[in-house]
Amino acid sequence: MNAAEPDWLDLRVPFDDAARQYALPLLDMAARALSLDAERQVGTERPLVVIDLGAGTGNSMRFFDRHLVQRLPERPLHWVLVDADESALEIAAGRFTTAVRTVAAPITSLPGIAAEVLDEVLTEVGKASMTEVGTAKPRDERRTAAAAGTPDSCDLLITGSALLDVLTRDDLTAIVDTLHRFSGIGIFLLSISGQWHLTPTRPEDGVLDEAFVAHQRRDSRLGTQAAPVLETKARSIGARVESSASPWHLEAPRDSEFLTRFLTERVDAAVEEGPRLRTAGRAWLTDRLAQAELRVVVDHIDVLIDATGHQRPRRSQLSTRSDEPKR
Ligand SMILES: C[S@@+](CC[C@H](N)C(=O)[O-])C[C@H]1O[C@@H](n2cnc3c(N)ncnc32)[C@H](O)[C@@H]1O
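Residues numbered from 1 in each chain as written. Predicted model: local features only at pLDDT ≥ 70, side-chain atom pairs only at ≥ 80, totals over all residues.

1. Regarding the overall build of the protein chain
Item 1. On a plain count of helices and strands, the protein chain comes out with 11 helices and 8 strands.
Item 2. Buried residues in the protein chain amount to 41% of all 327 residues.
Item 3. The long-range fraction of contacts in the protein chain, counting pairs at least 24 apart against all pairs at least 6 apart in sequence, stands at 81%. (Helix = DSSP H or I, 4+ residues; strand = E, 2+ residues; numbered from the N terminus. Buried ≥ 20, exposed ≤ 12 C-beta atoms within 10 Å, placed from the backbone. Contact = placed C-beta atoms within 7 Å.)

And the structure:
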């Protein structure tokens, strides 16, 4: 696992946030499922545990929190940020005024993390309802509900941004197992899914992209195959899966600072993968950075997994919120 540079994560924010607007219909769908579940509960304040995987310095949580609070005003959110990079989590923890739990751990630890937090949060709910009306379930019963999920509850949302493509099969298995075990919902945004599209085109564009895509698959990472593999695993447990595209749209000179960093790092990765590309790659980069009218579209995919087991209206039947503009 390579940690991401905090300044790179911050430089990405306006471009990621613009691309994440494409995910709002998926977020509406997730919120709808979570609201329906909340409506079935006794009491109006059933908490929702939200685990942001590969949380980095907190930019993903900031986006999800803002949009979930709007859509789920009745559900108190219990945020847990998980990342193998402890220093990134320290930055994240300092950025939020709301209580945020951070866990420095690999994603393969997710099932245990989710079990522990759900048990803790649901135990608190039980204590509160016992104080209020004296009807709390015994601790063992609550633990069983947290471990197995119940047909009427969805207490777990797993989020992630710019993450899937750096994960391995074992990581994806941990995610799907956790969603299955706790009847949860997962939403994963901005996974690198395919190509870049540069205008004007150059003959070297394709070979550099191929080398980058191969580099993404180093050390057993799934790279561009991560989203399809996750979708297949999720369908195999009977979950409902939806996905949509969320490209970055970059253009010079408006996005020059970002383009310089982005293109330089892509060429570095391509050259690391194929050292024979060094001379051509450097020449290509110099030319590209000098192009005043350069346009770059970078493909991403967003994936929603609903493992609650409930029948939901299809996407086409849901009204799409239009209160937030596309970039
Ligand atoms: C590209 S960054 C994205 C950070 C954040 N989600 C955002 O959108 O700004 C990917 C993050 O995933 C973390 N990461 C990658 N693989 C991981 C793994 N197997 N277990 C835990 N964290 C991982 C990295 O440390 C890094 O912080």
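Once you've had a look at it, read on.
2. A word on the packing of helix α8 (residues 204-216) against helix α10 (residues 256-273)
Two quantities define a packed helix pair, namely the angle between the helix axes and the distance between the axes.
Item 1. Look at α8 against α10: their axes get within 8 Å of each other, and the N-to-C directions meet at 75 degrees. As the angle between them shows, α8 and α10 are arranged roughly perpendicular. Residues Leu 208, Ala 211, Phe 212, Ala 214 and His 215 of α8 touch α10, and the partners they reach there are Arg 266, Val 267, Ala 269, Ala 270, Glu 272 and Glu 273.
Item 2. A class-by-class count of the residues in the contact of α8 with α10 yields 7 nonpolar, 1 polar and 3 charged. (Axes fitted to C-alpha atoms, helices over the stretch in contact; angles between N-to-C directions. Parallel < 35°, antiparallel > 145°, perpendicular 65-115°, else oblique. Nonpolar A, V, L, I, M, F, W, Y, C, P; charged D, E, K, R; others polar.)

3. Describing the site of the ligand
Item 1. In the vicinity of the ligand there are 21 residues, among which Gly 54, Gly 56, Ser 60, Ala 84 and Ser 161 approach most closely.
Item 2. The residue makeup of the shell around the ligand, split by class, is 13 nonpolar, 5 polar and 3 charged. (Near = placed C-beta within 6 Å.)

4. A word on α8
Item 1. The end-to-end C-alpha distance of α8, which contains 13 residues, comes to 19 Å, matching closely the 18 Å that a straight helix rising 1.5 Å per residue would cover.
Item 2. Leu 208, Ala 211, Phe 212 and Val 213 are the residues of α8 that are buried.
Item 3. Here the buried face of α8 lies against α10 and α11 (278-290). (Expected span 1.5 Å × (residues − 1).)

5. So, helix α7 (residues 169-181)
Item 1. Its 13 residues place the ends of α7 18 Å apart at the C-alpha level, agreeing with the 18 Å of an ideal helix rising 1.5 Å per residue.
Item 2. Taken together, the buried positions of α7 are occupied by Asp 171, Leu 172, Ala 174, Ile 175, Val 176, Thr 178, Leu 179 and His 180.
Item 3. Two residues or fewer past α7, Ser 183 is found with a positive phi of approximately 50 degrees.

6. Some remarks on the pairing of strand β8 (residues 295-306)
Item 1. Counting buried positions along β8 gives 9 out of 12 residues, so the element sits mostly inside the fold.
Item 2. Strand direction decides the pairing type here: strand β5 (residues 185-199) and β8, joined by 10 bridges, are antiparallel. Its bridge partner being in β8, Ile 187 is matched across the sheet by Leu 304.
Item 3. Sheet topology note: the strand β6 (residues 240-245)/β8 ladder contains 6 bridges and is antiparallel. (Pairing = 2+ DSSP bridges.)

7. Describing the environment of Asp 177
Item 1. Turning to its location among the elements, Asp 177 is positioned in helix α7.
Item 2. Sequence separation of Asp 177 and Ile 237 is 60 residues, and the distance between their C-alpha atoms is 8.7 Å.

8. Considerations on the nonpolar core
Item 1. Residues Ala 30, Val 49, Ile 51, Leu 81, Val 82 and Ile 185 are the most contacted members of the largest nonpolar core, which totals 86 residues.
Item 2. In terms of residue count, the dominant contributor to this core is helix α2 (residues 24-40) (8 residues).
Item 3. Leaving out residues up to four positions away in the same chain, Ile 51 has contacts with Val 80, Val 82, Ile 113, Ala 114 and Ile 158. (Core = buried A, V, L, I, M, F, W, Y, C linked by C-beta atoms within 7 Å.)

9. A few points about unusual backbone geometry
Item 1. A cis amide bond, omega 0 degrees, links Thr 199 with the succeeding residue Pro 200.
Item 2. A cis amide bond links Ala 252 with the next residue in sequence, Pro 253, at an omega value of 0 degrees.
Item 3. With respect to the secondary-structure elements, Pro 253 resides in the loop between β7 (248-251) and α10.
Item 4. Of note in the backbone geometry, Ala 162 takes a positive phi value of approximately 50 degrees without being a glycine.
Item 5. With respect to the helices and strands, Ala 162 occurs in the loop between β4 (156-161) and α7.
Item 6. With 22 C-beta atoms packed within 10 Å, Ala 162 lands in the buried category.

10. Overview of the pairing of strand β1 (residues 48-53)
Item 1. Among the 6 residues in β1, 6 count as buried, and that is most of the element.
Item 2. Judged by which residues are buried, β1 turns out to be covered on both faces: Leu 48, Val 50 and Asp 52 on one side and Val 49, Ile 51 and Leu 53 on the other are all buried.
Item 3. In the sheet, β1 pairs with strand β2 (residues 77-83) via 6 bridges, with the strands oriented parallel. Of the residues in β2, the one forming a bridge with Val 50 is Trp 79.
Item 4. By the bridge criterion, 5 bridges tie β1 to β4 in an arrangement that is parallel. Along β4, the bridge assignment pairs Leu 53 with Gly 160.

11. Some details on the environment of Asp 219
Item 1. Checked against the element boundaries, Asp 219 lands in the loop between α8 and α9 (226-236).
Item 2. Along the sequence, Asp 219 and Leu 167 sit 52 residues apart, while their C-alpha atoms lie 9.6 Å from each other.

12. Here's the deal with the environment of Asp 85
Item 1. Looking at the element boundaries, Asp 85 is found in the loop between β2 and α4 (86-93).
Item 2. Distance from Asp 85 to Ala 55, taken between C-alpha atoms, is 9.1 Å for residues 30 residues apart in sequence.

13. A look at the confidence of the model for the protein chain
Item 1. In the predicted model, the protein chain carries a mean pLDDT of 87, and 83% of its residues have values of at least 70.
Item 2. Contacts for the low-pLDDT stretch residues 131-151, under 50 throughout, to residues beyond four places or in other chains number 23 contacts.
Item 3. Below a pLDDT of 50 lies the segment residues 311-327, which in the model reaches 20 contacts outside its immediate sequence neighbourhood of four places, other chains included. (pLDDT = per-residue confidence, 0-100.)

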